[in-house]
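Spelled out, the chains give:
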Amino acid sequence: MLPAPALRIHISQAPAFQDYEENQNVYINKYLIKNICFGISSHKPMPMENTITVKNLTLRYGSFVAVDNISFNVKKGEIFGLLGPNGAGKTSTIKVLTTLVPPTKGSVLIDNYDVKKEPRQVRSVMGWVASEVILDDDLQVIENLKLQASLQGLHSWEENAENMLEYFKIKETRNKKVGGLSTGMRKKLEIIMALLSEPSVIFMDEPTIGLDVGTRKMLWDLIRDIRKKHNVTIFLTTHYMEEADDLCDRIAIITKGKVVAIDTPERLKAKAGSSVISLEVTENFDTSTLKGMKFERKGNGINIHLKAGGDASFTRVLKRIDLKSVNSLRMTKPSLDNVFLNLTGSTLEEQESNKISNMNFYATLRRARG
Amino acid sequence: MMRETYALFAREVKKTYRNYAVVIMMVVQPLMWLIFFGSSLTHLPSNLLSSLFGTSNYISYLLPGELATGMVFIGMFSSMSMIQDKRFGFLKRILVTKAPKESIFLGKVLGAASRGLIQIPVMIITALFFGVIFRTNPLYVFVWVLSLFLMGIGLASIYSIITMRSKDWQTPGVVSNLINLPLMFSSTALFPAALFPKWMQVLSSFNPISYAAAIGREALYGGQVNFVYFGYLVFFCSLFLILGFLASRRWLVAE
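Rules and cut-offs
- Residues numbered from 1 in each chain as written.
- Chains lettered and ligands numbered in written order.
- Predicted model: local features only at pLDDT ≥ 70, side-chain atom pairs only at ≥ 80, totals over all residues.
- Pairing = 2+ DSSP bridges.
- Helix = DSSP H or I, 4+ residues; strand = E, 2+ residues; numbered from the N terminus.
- Axes fitted to C-alpha atoms, helices over the stretch in contact; angles between N-to-C directions.
- Contact = placed C-beta atoms within 7 Å.
- Left-handed = near helix turned anticlockwise from the far one by under 90°.
- Nonpolar A, V, L, I, M, F, W, Y, C, P; charged D, E, K, R; others polar.
- Core = buried A, V, L, I, M, F, W, Y, C linked by C-beta atoms within 7 Å.
- Buried ≥ 20, exposed ≤ 12 C-beta atoms within 10 Å, placed from the backbone.

Moving on, we come to the sheet that holds strand 13 (residues 301-305) of chain A. Residues and elements named next belong to chain A. Spatially, 12-13-11-14 is the arrangement adopted by the 4 strands of the open sheet, whose pairing is antiparallel. Looking at the sheet topology across the chains shown, the edges are occupied by strand 12 (294-298) and strand 14 (326-332). Each adjacent strand pair in this sheet contributes to an overall mean axis angle of 15°, direction not counted. As judged from the 6 bridges shared by strand 11 (residues 276-281) and strand 14, these two strands associate in the antiparallel manner. The partner of L279 across the bridge, within strand 14, is L329.

Below, the structure written as structure tokens:
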């Protein structure tokens, strides 16, 4: 939260805003306030601009702890991913963040609004994309958009909606019933609906679950695109490693209700290990060219471990080694799978398949949730 | 609140009128009652009919009663559409918008009550073919239709409140069997209260269907309206609307 009294001091120091001082109830756009504060030399350093601030969040269903004391921040304009196996607490977390369920403990601020105390304000600054496409199939595309605009209390939304329909290349479906559209089109419409209120953050719960590869790639491009175009923060949950790796600026890895790591995919992977170049060489290979590198040799196979730094050191190695005697070359980068394994002791796939044996446990959980 | 409610109400209405099966189902059921049940007493001696029902054409007596009863059955549809919105997640979509929870509830019951009005013109035209003679004026018809609408809102509210916490497809069916038949038979929709045992007469005197049916008979054939009856329906409607507001604030949550 911005410290309100301090703000008033800043404003009163600025002669241009004396009118505001006279009427303190006047609604001042909070961005404007922030800009003023940045513009005037403020006494306190402004906090880093976080769109989402989660502090010691705990969510319990009865005695079951779905989310266990997690904390993280999401910066403005970031694509932030919550990665974990099914049942790790992703959906529970996103439910709290989207005000659908109040937190048991801890605080969550979305754009400086508290989800528990100011849920309506939170809803006015956020967009939402469901994992299963949720639209009214009996209504036309434009009718769905109109309904969304009315529910969000938007005025003069039409032009914006028409532009987005055109931009997303689904303009021709404007007057068609949603039930007849392809999944890709429906996903696009959901994203347009989320963007309609010009939110500062869009929540996406497993946005690409059950989609084919083409649609998934299309959606990733779209998400990157809208982040840039609309300067919107994106918070998504996923249990696809490659989605987290490819799409997200930063990832929080969650398992059994706890966040075990938060960082950029690159740095997480760097912690998990280095890239390896595997060579298959002939008898004549000159081992002395490998001097100074970390490697091991087994017969004709050589594994060279690259230092962190990625592509630069890769080319450096290639320039130095005796390439004439190399038959084949393969590079293995550390994946988030390694990261996951290191952090949790099992891979994400293993954790997912273990879930089948935990069926009874989940049946109990569902009953507890009611 | 107004805009959100209207948007959700418009959604209900659009969905109804685009689904011909629903429209036909809502019209056919009361029509069957009127035609078949209404004709079943045709050969009773006409002086007996007159002394029992105040008219020698039982269909005249049944018409306002059956239209009132028809509003009970539309309550069931409102709870079914509530369950549908929960199952398909649409409720979640509404809950993450700024729309107040009360508007979700209000949009549903207004949608249900106006859905119940479709049957009125069809039933009246059918009744004309069966020799029913009307003695009325537009004002009384308006008050009567309004009273049906108010009762519809009240009944749809009861259904919505009961199904608000449920996600089960079966709930509306169970609830409607528990509510609809007792409500219908303990009212003066089919037979006058004079024929009832004492305990059913007491039930009937609280039953909103009795009042809506009585207003209908007065308005359509008597050329007058008892505004005390109308007042009772206003009370009935307001009571369950308020309970519905309280319930939606508390119970209308995402699964």
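After that view of the structure, there is still more to cover.
In this assembly, 18 residues from chain A lie in contact with 19 residues from chain B. Mapped onto the side of chain A that touches chain B, the elements with two or more residues apiece are helix 5 (119-124) and helix 6 (141-151) of chain A.

Residues and elements named next belong to chain B. Where helix 4 (residues 58-87) meets helix 8 (residues 138-163), the closest approach of the two axes is 8 Å, and the angle between their N-to-C directions is 35°. Read as a crossing pair, helix 4 and helix 8 show a hand that is right-handed. Side by side, helix 4 and helix 8 meet where L67, A68, M71, V72, I74, G75, M76, S78, S79, M82 and I83 of the first sit next to L148, M151, G152, L155, A156, I158, Y159, S160, I162 and T163 of the second. Across the contact of helix 4 with helix 8, the residue classes tally to 15 nonpolar, 6 polar and no charged.

Once that is clear, we can look at the nonpolar core. Among the nonpolar cores identified, the biggest contains 139 residues, and I110 of chain A together with M151 of chain B are the most heavily contacted of them. Ranked by residues supplied to this core, first place goes to helix 4 of chain B with 13 residues. Once residues within four sequence positions are removed from consideration, I110 of chain A is found in contact with T51, I52, L97, V115, V122, V125, M126 and V201 of chain A. V281, I302, I304 and V317 of chain A belong to the second largest nonpolar core, which has 9 residues in total.

Attention now moves to unusual backbone geometry. All names here are of chain A. Unusually for a residue other than glycine, E206 sits at a positive phi of about 45°. A positive phi angle, close to 50°, is found at K256, a residue other than glycine. With respect to the helices and strands, the residue K256 is situated in the loop between strand 9 (250-255) and strand 10 (258-263).

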